[in-house]
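Inside the fold
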Amino acid sequence: MAPQRRGAPKAPEGSGAAERRRPSSTKSVRAPRDVWKKWLRVAVLGACTTLVALLLWGILGGDDSITEVLAHRSEVLPGRFIEVPCSEDYDSHRRFEGCSPRKCGRGVSDAIITRDEARRIRSIAEKGLSLGGSDGGASILDLHSGALSVGKHFVNLYRYFGDKIQTIFSEEDFQLYRDLRQKVQLAIAQAFGISASLLHLTKPTFFSRINSTAARTAHDEYWHAHVDKVTYGSFDYTSLLYLSDYLDDFGGGRFVFMEEGANKTVEPRAGRVSFFTSGSENLHRVEKVHWGTRYAITIAFTCDPDHGIADPTFT
């Protein structure tokens, strides 16, 4: 018969042998705990990194619906034009031969207005808006009608401030404004193959100043998608002259042409002009500004002389 193996004899309780065996048992329990703690730290660090990345993406103006940048802020574009099919919006309005959109599209150029001209005309906006400003994030200054954001309302700056206007603006300011408007008008006419003489400035044409302050009224909610021809029936051609730089002066605030599955964005750059036909072929919106201040001028044109407005004058 094979001899039977006997287990090692048990050490009596309290013996030195028993005490010596206990530390090895403690180590075997501690090791998994240490590994678990290390993995927990890695997981927390990863989650924090992801959260920071998402926050930075939001702060810099990220928008996951945008799939293409039409104009980068770092580019200097002599001109870029994309033709798109015209909508039916123009059919419900009186047509003007040789002017009403037959060719529709959107364009961007950094060769119409210089950065120095943009800096100078921005100073006009800054001087005018120093007289008021919205309680919310979006303020406007309209040199044509005199509309100026003040608190939650608008005032007519020419009536409200009277002779003080003479100390704020100068004739050179208004002449610069007229000169730049004319340059934009000529560029639009050339891009769409129409005569500049058939285009008429229309309202509202205005300066805008946008920052990250929370909206106080509906007038501050600039970020909603819209169609200019629907919102303002007189608009046939819309343009924006940017007066500040995306990511240098502000975050967010990019201009977005909305298309199904293929939104396209324009990153503002001082002196950059973005222009387009005003129908629903160019549904658009502006991203919320997350930090800094964004300045621009909206300059609109109509083919209907009855809806035309004159250039502002310094009196």
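The residue numbers shown here count from 1 along each chain, following its written sequence. With the structure being a predicted model, the display of local features is reserved for residues of pLDDT at least 70 and the display and counting of side-chain atom pairs for 80 or more, all residues being used for whole-chain, interface and lining totals. In computing side-chain properties, one takes all heavy atoms of the structure into account and sets aside hydrogens as well as water.

**Comments concerning the environment of Phe174**
Inclusion rule: Comment: elements are numbered from the N terminus, with helices defined as DSSP H or I runs of at least four residues and strands as E runs of at least two. Two residues form a contact once any of their heavy atoms are found within 4.5 Å.
Mapped onto the fold, Phe174 is located in helix 5 (residues 171-192). Expressed as a C-alpha distance, the spacing of Phe174 and Ile124, which sit 50 residues apart in the sequence, is 8.8 Å. The residues contacting Phe174, other than those within four sequence positions of it, are Leu143, Tyr158, Phe169, Pro312, Thr313 and Phe314.

**Re the pairing of strand 9 (residues 237-242)**
Definition in use: Only protein chains enter the accessibility calculation, which uses a 1.4 Å probe; a residue is then buried when its area is under 20% of its type maximum, exposed when over 50%, and partly exposed in between. We treat two strands as partners when DSSP finds at least two bridges between them.
Of all six residues in strand 9, six are buried, a share of seventy percent or more. Alternating residues of strand 9 divide into Tyr237, Ser239 and Leu241 and Thr238, Leu240 and Tyr242, and every residue in both groups is buried. In this sheet, strand 13 (residues 273-277) lies alongside strand 9 in antiparallel orientation, the contact comprising five bridges. Residue Thr238 lies in a different strand from strand 13, and its bridge partner there is Phe276. Here strand 9 runs beside strand 16 (residues 294-302); their pairing, made up of six bridges, is antiparallel. Across the sheet, residue Tyr242 finds its bridge partner in strand 16, namely Ala296.

**Here we look at unusual backbone geometry**
Between Lys203 and the following residue, Pro204, the backbone shows a cis peptide bond with an omega angle of 0 degrees. By the secondary structure assignment, Pro204 is in strand 8 (residues 200-210). Here Leu247, not a glycine, exhibits a phi torsion of approximately 75 degrees, which is positive. Here Leu247 lies in the loop between strand 9 and strand 10 (250-252).

**A look at the state of the cysteines**
The test is simple: Throughout, disulfides are identified as pairs of cysteine sulfur atoms within 2.5 Å of each other.
Applying the stated criterion across every chain yields a total of two disulfides. Note that Cys86 is cross-linked by a disulfide to Cys104, the S-S spacing being 1.9 Å. The S-S bond linking Cys86 to Cys104 shows a torsion near 105 degrees; that makes this disulfide right-handed. Remark: Cys104 occurs in strand 3 (residues 104-109) and Cys86 occurs in the loop between strand 2 (80-84) and strand 3; sequence separation between them is 18 residues. What makes Cys86 partly exposed here is its relative accessible area of 30%. Shown here is the disulfide that connects Cys99 with Cys303, its sulfur atoms set 2.1 Å apart. Note on the Cys99 and Cys303 pair: the S-S dihedral is about -80 degrees, so by sign convention the disulfide is left-handed. In this pair, Cys99 is assigned in the loop between strand 2 and strand 3 and Cys303 in the segment after strand 16, connecting sequence segments 204 residues apart. You'll find Cys99 and Cys303 in the same group, each marked buried. When the bonded cysteines of the chain are counted from the start of the sequence, the pairing works out to 1-3, 2-4.

**Section: the packing of aromatic side chains**
Note the threshold: The rule is short: rings of Phe, Tyr and Trp, with Trp giving its six-membered ring, pair when the centres are within 6.5 Å, and they are stacked under 30 degrees, edge-to-face over 60, tilted in between.
Counting across every chain of the model gives 13 aromatic pairs. With 5.7 Å between their ring centres and 50 degrees between their planes, Phe174 and Phe314 make a pair best called tilted. Placement of the pair is Phe174 in helix 5 and Phe314 in the segment after strand 16, with a sequence separation of 140 residues. Judged by its relative accessible area of 22%, Phe314 falls in the partly exposed class. Ring centres of Tyr222 and Trp223 lie 5.2 Å apart, and the angle between their planes is 80 degrees; this geometry places the pair in the edge-to-face category. Chaining the aromatic ring pairs together yields one cluster made of Phe81, Phe192, Tyr237 and Phe275.

**A few points about the confidence of the model for the chain**
In plain terms, the rule: Confidence of the predictor in every single residue is expressed as pLDDT, which spans 0 to 100.
Taken over all residues, the pLDDT of the chain has a mean of 87, while the share at 70 or more is 79%. Throughout residues 47-61 the model reports pLDDT below 50, and contacts reaching past four residues in sequence, or to other chains, amount to 16 contacts.

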